[in-house]
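Results of the structural survey
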Amino acid sequence: MSQGVRTRPQGSAQPLSEAYDTALLDLDGVVYAGGHAIAHAVDSLGTARAGGMHLAYVTNNALRTPEVVAAHLTELGIRAEAADVVTSAQAVARLIADQVPQGARVLVIGGEGLRTALRERGLEPVESADDDPAAVVQGYGGPELPWGRFAEACYAIARGVPWFASNTDLTIPSARGIAPGNGAAVEVVRIATGAEPQVAGKPLPPMHRETILRTGARRPLVVGDRLDTDIEGAFNGGVDSLLVLTGVTDGARLLAAPPRHRPTYVDADLRGLLTGQPDITRESDGFRCGGWTARADTGLELHGGGEALDGLRALCAAAWTAGGEHACALDGGKALARLGL
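In short, a report on the structure. Just so you know, these numbers come straight off a predicted model, no measurement behind them.

Conventions adopted
- Residues numbered from 1 in each chain as written.
- Predicted model: local features only at pLDDT ≥ 70, side-chain atom pairs only at ≥ 80, totals over all residues.
- Heavy atoms only, no water.
- Helix = DSSP H or I, 4+ residues; strand = E, 2+ residues; numbered from the N terminus.
- Rg over C-alpha atoms; globule rule 2.2 N^0.38 Å.
- Buried < 20%, exposed > 50% of the residue type's maximum accessible area, 1.4 Å probe, protein only.
- 1 Å grid on protein atoms, 1.4 Å probe; cavity = no way out; pocket = protein on both sides within 12 Å on 5 of 7 lines; lining within 4 Å.
- Points joined across faces, edges and corners; volume = space filled by probe spheres on them.
- Nonpolar A, V, L, I, M, F, W, Y, C, P; charged D, E, K, R; others polar.
- Phe/Tyr/Trp six-rings, centres within 6.5 Å; stacked < 30°, edge-to-face > 60°.
- Arc of directions from axis to C-beta.
- Contact = heavy atoms within 4.5 Å.
- Core = buried A, V, L, I, M, F, W, Y, C linked by side-chain atoms within 4.5 Å.
- Pairing = 2+ DSSP bridges.
- Axes fitted to C-alpha atoms, helices over the stretch in contact; angles between N-to-C directions.

Within the protein chain one finds twelve helices and 19 strands. Against the 2.2 N^0.38 benchmark of 20 Å for 341 residues, the protein chain shows a C-alpha radius of gyration of 21 Å, consistent with a compact globule. Taking the principal axes of the C-alpha coordinates as reference, the protein chain spans close to 70 × 45 × 35 Å. Burial statistics for the protein chain: of 341 residues in total, 52% are counted as buried.

So, in structure tokens, the structure goes:
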């Protein structure tokens, strides 16, 4: 279902789990946080699956193998198999395999997820720039990744070896807060070499391609908590998206989103998969959703009452229309405060 450039949120008369055949779910901030299941995730996903929706778990984190991710989900009470998990390690391994000979050596700067994905594509992981690699691949290696691994990448890149990165997320959530992600590590190598990597992960097309190839989805719905990876990835792929407010995106960031970061649907958590989405209608005095009306002139105004999420949807419609092709510069602070968001 191609949605083109979204100018305001959309509604759905059907539950989203019936309107789409496959949910492409981000993990951190959507299904779990700090290793623990987010409220309502286990029951909502179980109900969606029982109703016939295919669930696929799509992550930019290249550290863990699909088997490890599936085992973690199963421990949380979410039935999953390795085939249900798509990682940026798999996407970057395919990208590399398309450009180097079968059986080529690849210098790995990262964890076991990268090595497993490379072997799946018939490539040989190696540890040194002196092993005559045909490519360098960099992915998240966890907090214990030695500094010397970055130097090894630099040595190979300086010799003209092409450089690939699983993803460039600058941060990654942890149980103790926000930590540096693979993007921060990529910047170390970029600064040292002046080179630019080919990147596979969300929001770029190689990750979307990998996901569709592995899931066979015909009417996918991307479900995520980040505007600049999950929602932009859906935009780039021309498919619909559901933003859940259990992760990094709050109401203020959502209102300021440029077109490529505007989700089709917005809900509090994964229970949104099991319901329809309310229509947002344009009226003479603004945009209406549920009991709320929002308008934009010199600022964002909100009138009415009812569900806070309906008010947020109406605000988004007004803000995005006012912003047009650009992020909305209008101040929605007072309106958001009314909603407690």
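Further remarks concern unusual backbone geometry. With an omega of 10°, the peptide bond between K202 and P203 qualifies as cis. Unusually for a residue other than glycine, H40 sits at a positive phi of about 75°. Note that H40 resides in the loop between β3 (36-37) and α2 (41-50). One non-glycine residue with positive phi stands out, namely D132, at about 55°. Of note, D132 is situated in the loop between β7 (124-126) and β8 (135-138). The class of D132 is exposed, set by a relative accessible area of 65%.

Glancing now at the layout of surface pockets. Considering only enclosed or pocket space, the largest pocket measures out at about 570 Å³ in volume. Y140, G142, P143, I172 and P173 are the residues nearest the centre of the largest pocket, which is lined by 28 residues in total. Looking at the lining of the largest pocket, the elements with two or more residues in it are α3 (66-75), β10 (171-174), β11 (177-180) and α7 (182-193). Sorting elements by how many residues they give to the lining of the largest pocket places α7 first, with four residues. When grouped by side-chain class, the residues that make up the lining of the largest pocket number 15 nonpolar, eleven polar and two charged. Here the second largest pocket is characterised by a volume of approximately 320 Å³. If you go around the second largest pocket, you meet 27 residues; those closest to its centre are D28, T171, I172, P173 and R226. Mapped by element, the contributors of at least two residues to the lining of the second largest pocket are β10 and α9 (227-237). Top element by residues in the lining of the second largest pocket is β10. It accounts for four residues.

Inspection of the entire model under this criterion finds two aromatic pairs. Centroid distance Y20 to Y265: 6.2 Å. Interplanar angle 75°. Geometry classified as edge-to-face. Highlighted residues: Y20 in the loop between α1 (16-19) and β1 (22-25) and Y265 in strand β15 (residues 265-267), separated in sequence by 245 residues. Each member of the pair Y20 and Y265 is classed as buried.

Attention now goes to helix α8 (residues 205-215). By the burial criterion, the buried members of α8 are M207, E210, T211 and T215. Considered in projection along α8, the buried side chains sweep an arc of 110° and stay on one side of the axis. Each element contacted by the buried residues of α8 is listed here: β1, β4 (54-59), β5 (85-87) and α4 (88-97). Once α8 finishes, G216 follows within two positions and takes phi at roughly 70°, a positive value.

The subject of this paragraph is the nonpolar core. In this structure, L25, V31, Y57, V223 and L270 are the most contacted members of the largest nonpolar core, which totals 28 residues. Counting residues per element, the ones that place at least two in this core are α1, β1, α2, β4, α3, β13 (220-224) and β14 (240-244). Residues contacting V31, with those up to four places away along its chain left out, are D26, H36, A37, I38, A41, L45, Y57, L73, I78 and L270.

Mapping R313 onto the fold places it in helix α11 (residues 308-323). Excluding residues that lie within four positions of it along the chain, R313 makes contacts with P9, V266, D267, Q277, P278, I280 and C289.

On the basis of which strands lie adjacent, the open sheet formed by six strands has the order β5-β4-β1-β13-β14-β15 and parallel pairing. The open sheet terminates on both sides in strands that have one partner only, identified here as β5 and β15. Averaged over neighbouring strand pairs, the angle between their axes works out to 25° when direction is ignored. Sheet topology places β4 next to β5; three bridges connect them, and they run parallel. Among the inter-strand pairings, V58 is bridged to a residue of β5, identified as V86.

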